[in-house]
Amino acid sequence: KNQVEQSPQSLIILEGKNCTLQCNYTVSPFSNLRWYKQDTGRGPVSLTIMTFSENTKSNGRYTATLDADTKQSSLHITASQLSDSASYICVVSHERRTGFQKLVFGTGTRLLVSP
Amino acid sequence: AAGVIQSPRHLIKEKRETATLKCYPIPRHDTVYWYQQGPGQDPQFLISFYEKMQSDKGSIPDRFSAQQFSDYHSELNMSSLELGDSALYFCASSFTLAGGYNEQFFGPGTRLTVL
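Predicted, not measured: the structure shown is a model, and the values here were computed from it.

A.B. asks: Pulling in residues and values, what's your account of the interface of chain A and chain B?
C.D. replies: Opposite the 22 residues of chain A that make contact, chain B presents 22 residues. Carbon and sulfur atoms supply 55% of the area buried between chain A and chain B, which totals about 1,800 Å² over both sides. Where chain A packs against chain B, one counts zero salt bridges. In this structure, the connection of chain A to chain B is made through three residue pairs in polar contact (both at pLDDT 80 or more). Those elements that place two or more of their residues in the side of chain A that touches chain B are strand S4 (30-38), strand S5 (45-51) and strand S10 (102-105) of chain A. Top element by residues in the side of chain A that touches chain B is S4 of chain A. It accounts for four residues.

A.B. asks: Could you give an account of the sheet that holds strand S6 (residues 56-59) of chain A, with specific residues and numbers?
C.D. replies: All names here are of chain A. One open sheet holds the five strands; their spatial order is S1-S3-S8-S7-S6, and the pairing between them is antiparallel. One side of each edge strand has no neighbouring strand; the edge strands of this open sheet are strand S1 (4-7) and S6. Across the sheet, the mean angle from the axis of one strand to that of its neighbour is 15°, orientation sign disregarded. Sheet analysis places S1 next to strand S3 (residues 19-25), joined by four bridges and oriented antiparallel. Across the sheet, residue Glu-5 finds its bridge partner in S3, namely Asn-24.

A.B. asks: Can you break down the pattern of salt bridges residue by residue, with the values?
C.D. replies: Side-chain pairs of opposite charge can arise where the charged atoms are in close proximity. The final tally for this structure, using the stated rule, is six salt bridges over all chains. In this structure, Lys-57 of chain A engages Glu-54 of chain A in a salt bridge whose closest nitrogen and oxygen atoms are separated by 3.1 Å. For Lys-57 of chain A, a relative accessible area of 24% gives the class partly exposed. Glu-82 of chain B is paired through a salt bridge with Arg-63 of chain B; the nearest N and O atoms lie 3.4 Å apart. Residue Glu-82 of chain B is located in the loop between strand S8 (74-78) and strand S9 (87-94), and its partner Arg-63 of chain B is located in the loop between strand S6 (53-57) and strand S7 (64-68); the two are separated by 19 residues in the primary sequence. For Glu-82 of chain B, a relative accessible area of 40% gives the class partly exposed.

Reading guide: rules and limits
- All residue numbers refer to position in the chain's written sequence, counted from 1.
- Note on labels: chains are lettered from A, ligands numbered from 1, in written order.
- For this predicted model, a pLDDT threshold of at least 70 governs which residues receive local features, and a threshold of 80 or more governs which side-chain atom pairs are given and counted, while totals over whole chains, interfaces and linings are taken from all residues.
- Computation of side-chain values covers all heavy atoms of the structure but excludes hydrogens and water.
- Here, two residues are considered to be in contact whenever any of their heavy atoms come within 4.5 Å of each other.
- Values labelled buried area give the accessible surface lost by two parts on being combined, using a 1.4 Å probe and summing over both.
- For this analysis, a salt bridge means a side-chain nitrogen from Lys or Arg found within 4 Å of a carboxyl oxygen belonging to Asp or Glu.
- Polar contacts here mean pairs of N or O atoms no more than 3.5 Å apart (in protein, one a potential hydrogen donor and the other a potential acceptor; neighbouring residues in sequence count only if both atoms are side-chain atoms).
- For the purposes of this entry, the term helix denotes a DSSP run of H or I that reaches at least four residues, the term strand denotes a run of E that reaches at least two, and both are numbered from the N terminus.
- We treat two strands as partners when DSSP finds at least two bridges between them.
- Lines fitted to the C-alpha atoms define the axes, with helices restricted to the stretch that makes contact. Angles between their N-to-C directions range from 0 to 180 degrees.
- Only protein chains enter the accessibility calculation, which uses a 1.4 Å probe; a residue whose area is less than 20% of its type maximum is buried, one above 50% is exposed, and one in between is partly exposed.

Below you can see the structure in the form of C-alpha cells.
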C-alpha cells in the first residue's frame, strides 16, 4: 500500500532554534517527493521538490534531504521564525503510466514556534 | 504571479442541500485536481481533469460530480449534503508534462460547513 508517514506528529521549538522533520514512504513507483507548508485553513504551498537522483535541495532556511534507498526524507528548518508555525506535509508523487501523477500525502507535522 | 482561484471561500449549507464549488486554474495549466481535507486530516484526492476529460478518480462520493469546462475552470457539484461533508475543499492545477514534475499549485480552498 502506498503510504507516507511523518514524525513527529507535532513539535514545539523556541524562536531561532533549528528543527528537523522526518518522512518515510512506501510509495512505488516513486516519481518525486515534495515538502509543503500549510498554514491553518490555507492551501499547501510547495517548499521543495526532489526526484530520486537528488539528495539535497534548499529553499532559503528550508533544506530537504532524500535517501531513495531507505525511502526517507527530512526537512531541516534553520533559525526558526514565528511565521514558520504551520503544518509541514511530505507528499510523494506516485508515477503513473498515463503520465498523470497521483500525490500521496503524509500525515503532517504540526510545528509551533514560540517566542 | 497568478494563482489558483477558488470560489466561494466560505460556504454554509444545510443537510440535503446542494453546493457548487468553482476553481480557476493558473493560466495555461491544463489539469485540475480536487481534494477534500477534513479537520486535522491530510488532503484526500477526489478527482482530476486533464483537457476537460476526467483523468483520475479518487475517493469522490457518488453524490459529488465534477467537470472541467472549455476555459479550463472546474466545478465540483455536491448534492444531498451530509454533516460529514464539512471540510476544506482544495483545488490544485498543473501543466501536465510527461516525465516532468507536474507540480500541483494549490488554491486557497473553500471551507464548506454543513449544518
